[in-house]
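# Residue-level structure breakdown
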Number of protein chains: 2
Amino acid sequence: MSVTGPAGFRAAGVAAGIKAGRPDLALVVNDGPQDAAAGVFTTNKVKAAPVLWSQQVLRERRLRAVVLNSGGANACTGPEGFQDTHATAERVAEALGTGAIGVAVCSTGLIGQRLPMEALLPGVDTAAKSLDSSERAATDAATAVLTTDGGPKQACVSHPDGWSIGGFAKGAGMLAPNLATMLSVLTTDAVIDGTELDAALRAATRTTFDRIDVDGGTSTNDAVLVLASGASGVRPSGEEFAEWLTTVSADLVRQMQHDAEGATKAIDITVRGAVSEDDAVRIGRVIAEDNLVSTALFGSDPNWGRIAMAVGRAQAEVDVDKVEIATNGVTLYAGGTRAADRSAADLSGRDIEIVIDLHLGEHAATILTTDLSHGYVEENSAYSS
Amino acid sequence: MSVTGPAGFRAAGVAAGIKAGRPDLALVVNDGPQDAAAGVFTTNKVKAAPVLWSQQVLRERRLRAVVLNSGGANACTGPEGFQDTHATAERVAEALGTGAIGVAVCSTGLIGQRLPMEALLPGVDTAAKSLDSSERAATDAATAVLTTDGGPKQACVSHPDGWSIGGFAKGAGMLAPNLATMLSVLTTDAVIDGTELDAALRAATRTTFDRIDVDGGTSTNDAVLVLASGASGVRPSGEEFAEWLTTVSADLVRQMQHDAEGATKAIDITVRGAVSEDDAVRIGRVIAEDNLVSTALFGSDPNWGRIAMAVGRAQAEVDVDKVEIATNGVTLYAGGTRAADRSAADLSGRDIEIVIDLHLGEHAATILTTDLSHGYVEENSAYSS
């Protein structure tokens, strides 16, 4: 179960012909009774047409539907690209009998190419006709948005009080700070207004989607949307709703980490004892993006010297002599020098935990990343994406 | 010719036994009559013992000698590591009949291991005995400092007025912003005082050693030193000297770019039309460090969409609709959209030139980088460095 888990939602995923013979168009519809919505988007200055459109329509914090396509990012496509996005929203609105202002658009794929509208627009009609609230429909939608992903990523939680949150996400490369270059649609049947929903989404993404960093590449198309139908009739507290939304988001982010391009390792980098959470995040990201650390971990090498190098070049408060570095539970560096032989740390498994204790303050953050493998180089040098 | 090109210098390179059976210890000696010197060092907060030592002895801007070793960075080795560096300088001073305060120390290799002093110290004596001013001695020194480098990197220029500048450098990985994780020793027989020498070195490194960026990894050991013997008896203007020092530095940096770990491409990224030089440098570095750009270039793919993505995530002033992106002379992106089919740009050769014109101001900068290849992953996952 994912986006159709909560009551009041239907979904569809079809092969519109944008990508030859593969599912490439998804539709998620909120049948209400309410239509509160919120979204967070890429911080890249180069924003794709669907991002510009969706930011605009979300000003009212109401959405009836989200249409998503893979096979083309519709980024760097000029005014014509924006017209294509607008036409897509209009077609969805027509098919649903609503206004385009209630339709968000998301796209993913190669930057710089116009979308084949002659395939996409009829695909919208086909998708609208096949909408239903089954689990299969949710999976079809989650599948249609994939690019280099290995498979769909879905999650759903049901609260004992009778409301639930579901969602899917895609993202396997260009996974980066400030939204992990990915698309995600979350749905809930809780009763919640747009302002609360927006606050909950920002709280949830800050510690989940914003904390996966595979290659530092913030995409032009990142978007996380949440739609609330109110169909359960239950109004949770804003705080509890945010907690549960964070749980679903964290689940999807973990799935993206495990499915990242060419990844052979799932690496959690925790920085604690920092003077601020921002410092902890900054250090975690520098380590996550460091190619020398990432390649060493691909080789299962507990090369803490490279980690120390990365800590030292981060823009953050660090006292070199206080820093402790541990990998998989073994402290390798402390007090300005080696604390144990690197052979004491076994990094041969898939999961690697790196803990940096700065011993300066009370703040901490965890960044999820992966290793840098031959598979990553292969996929990104051979595949135009 | 390199460090022994200018009059007043002797050099040596020997196999001290730090690395099994390979040259690993270099010595460069200034026989005067003058001993002005200057140095610039890594900006990493984690500084190796030899960096801490050399920064200290350079306060007086005078050096008689530089001793360099490969086979160990002597970084993150605590007070004992610093004592090892001090002992190395003392041994050089004894052998030359001078004070340790006149001896800079540089180390490169694996972080976090103590140096084998029982091999290193007798190696100093051997090196001191084999010092001479021949071209071969300079090449021996340039060779002894290599780690994963393919070969020695040397340069020398002779001014018509009778003075010259020579130098060698090493560095093939961890090549990064703010000194390209490398060691370099430059020598000159010009008559120049320490203050002028320091200004010239900072001017030269700012646009050369500081503008190569292969993987964003600023090392713990970066150092560029320049020693002036005054043996030519000729005093050039500070401005002219800085220009010539820049020429030699640029030559060495180009050699490092061509020899970077696993590199199959030499990529020059020029950002122009920026509102400031800092903005141009920042954008150039984000592109240089972007794995998605680097892997696309490894595949000879003119994937300008990834370049646009990287421009958009840089902390710099950018107007997306004004940006122009050209690769090897072909403008692929302009006016917010595609300007030519990517097939128009041929990136199959070794040399790739990327030009970003922001059309916002008058400032420009060029960053040298390489592609991200299987060779890089192989070398850095299999080799503990």
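Residues numbered from 1 in each chain as written. Chains lettered and ligands numbered in written order. Predicted model: local features only at pLDDT ≥ 70, side-chain atom pairs only at ≥ 80, totals over all residues. Heavy atoms only, no water.

## Some points on the sheet that holds strand β3 (residues 36–41) of chain A
All names here are of chain A. Spatial ordering of the open sheet is given by β3-β9-β8-β7-β6, a layout of 5 strands whose pairing is mixed. The open sheet has two edge strands, β3 and β6 (153–158), and neither has a second partner. Pairs of neighbouring strands in the sheet enclose a mean axial angle of 10°, with direction left out of account. As paired elements, β3 and strand β9 (residues 223–228) share 6 bridges and run antiparallel to each other. Bridged to A37 within β9 is L227. (Pairing = 2+ DSSP bridges. Helix = DSSP H or I, 4+ residues; strand = E, 2+ residues; numbered from the N terminus. Axes fitted to C-alpha atoms, helices over the stretch in contact; angles between N-to-C directions.)

## Examining the sheet that holds strand β2 (residues 25–30) of chain A
All names here are of chain A. Read across the sheet, 4 strands follow the order β1-β2-β4-β5 without closing on themselves; strand pairing throughout is mixed. Looking at which strands have only one partner, the edges of the open sheet turn out to be β1 (9–14) and β5 (103–107). Pairs of neighbouring strands in the sheet enclose a mean axial angle of 10°, with direction left out of account. By the bridge criterion, 5 bridges tie β2 to strand β4 (residues 65–69) in an arrangement that is antiparallel. Its bridge partner being in β4, A26 is matched across the sheet by L68. Seen against the sheet, helix α2 (residues 78–96) touches β2, β4 and β5 and runs at an angle of roughly 130° to β5. The strands that helix α3 (residues 117–129) touches are β1, β2 and β4; relative to β2, the one it contacts most, it runs at about 45°. (Contact = heavy atoms within 4.5 Å.)

## As for the side chain of T270 of chain B
Residue and element names in this part refer to chain B. You can see T270 is positioned in strand β10 (residues 266–274). The class for T270 is buried, based on a relative accessible area of 15%. Side-chain polar atoms of T270 contact the side chain of T366, separated by 2.9 Å. Not counting residues up to four positions away in its chain, the partners in contact with T270 are I354, V355, I356, A365 and T366. (Buried < 20%, exposed > 50% of the residue type's maximum accessible area, 1.4 Å probe, protein only. Polar contact = N/O pair within 3.5 Å; in protein donor to acceptor, adjacent residues only side chain to side chain.)

## Notes on the nonpolar core
By size, the foremost hydrophobic cluster in this structure holds 90 residues, and its most contacted members are I283, I287 and I356 of chain A together with I283, I287 and I356 of chain B. Counting 52 residues, the second largest nonpolar core, distinct from the first, contains V3, I18, A26 and V105 of chain B. (Core = buried A, V, L, I, M, F, W, Y, C linked by side-chain atoms within 4.5 Å.)

## Focus on unusual backbone geometry
Along the chain, G32 of chain A connects to P33 of chain A via a cis peptide bond; the corresponding omega equals 20°. Along the polypeptide, P33 of chain A turns up in the loop between β2 and β3. Residue H359 of chain A is not a glycine yet carries a positive backbone phi of 50°. Its place among the elements puts H359 of chain A in the loop between β14 (351–357) and β15 (363–370). Under the relative-accessibility criterion, H359 of chain A is labelled partly exposed at 40%. You will see that C76 of chain B, though not glycine, has its phi angle at about 60°, which is positive. Using a relative accessible area of 7% as the deciding quantity, one classes C76 of chain B as buried.

## Topic: the domain arrangement of chain A
Residues and elements named next belong to chain A. Domain parsing of chain A yields domain 1 (9–258) and domain 2 (266–382). Averaged C-alpha coordinates put domain 1 and domain 2 at centres separated by 32 Å. Contacts between domain 1 and domain 2 engage 15 residues on the former and 18 residues on the latter. In total, domain 1 and domain 2 occlude about 1400 Å² of area from one another, counting both sides; carbon and sulfur atoms represent 43% of this. Taken together, domain 1 and domain 2 are joined by 3 salt bridges. With a closest N to O distance of 2.8 Å, E277 and R206 form a salt bridge. On inspection of domain 1 and its partner domain 2, the count reaches 9 residue pairs in polar contact (both at pLDDT 80 or more). Residue contributions to the side of domain 1 that touches domain 2 peak at 4 residues, all from helix α6 (residues 238–258). Across the side of domain 1 that touches domain 2, the residue classes break down as 4 nonpolar, 5 polar and 6 charged. (Domains from an automatic or database assignment. Buried area = accessible area lost by both parts, 1.4 Å probe. Salt bridge = Lys/Arg side-chain N within 4 Å of Asp/Glu carboxyl O. Nonpolar A, V, L, I, M, F, W, Y, C, P; charged D, E, K, R; others polar.)

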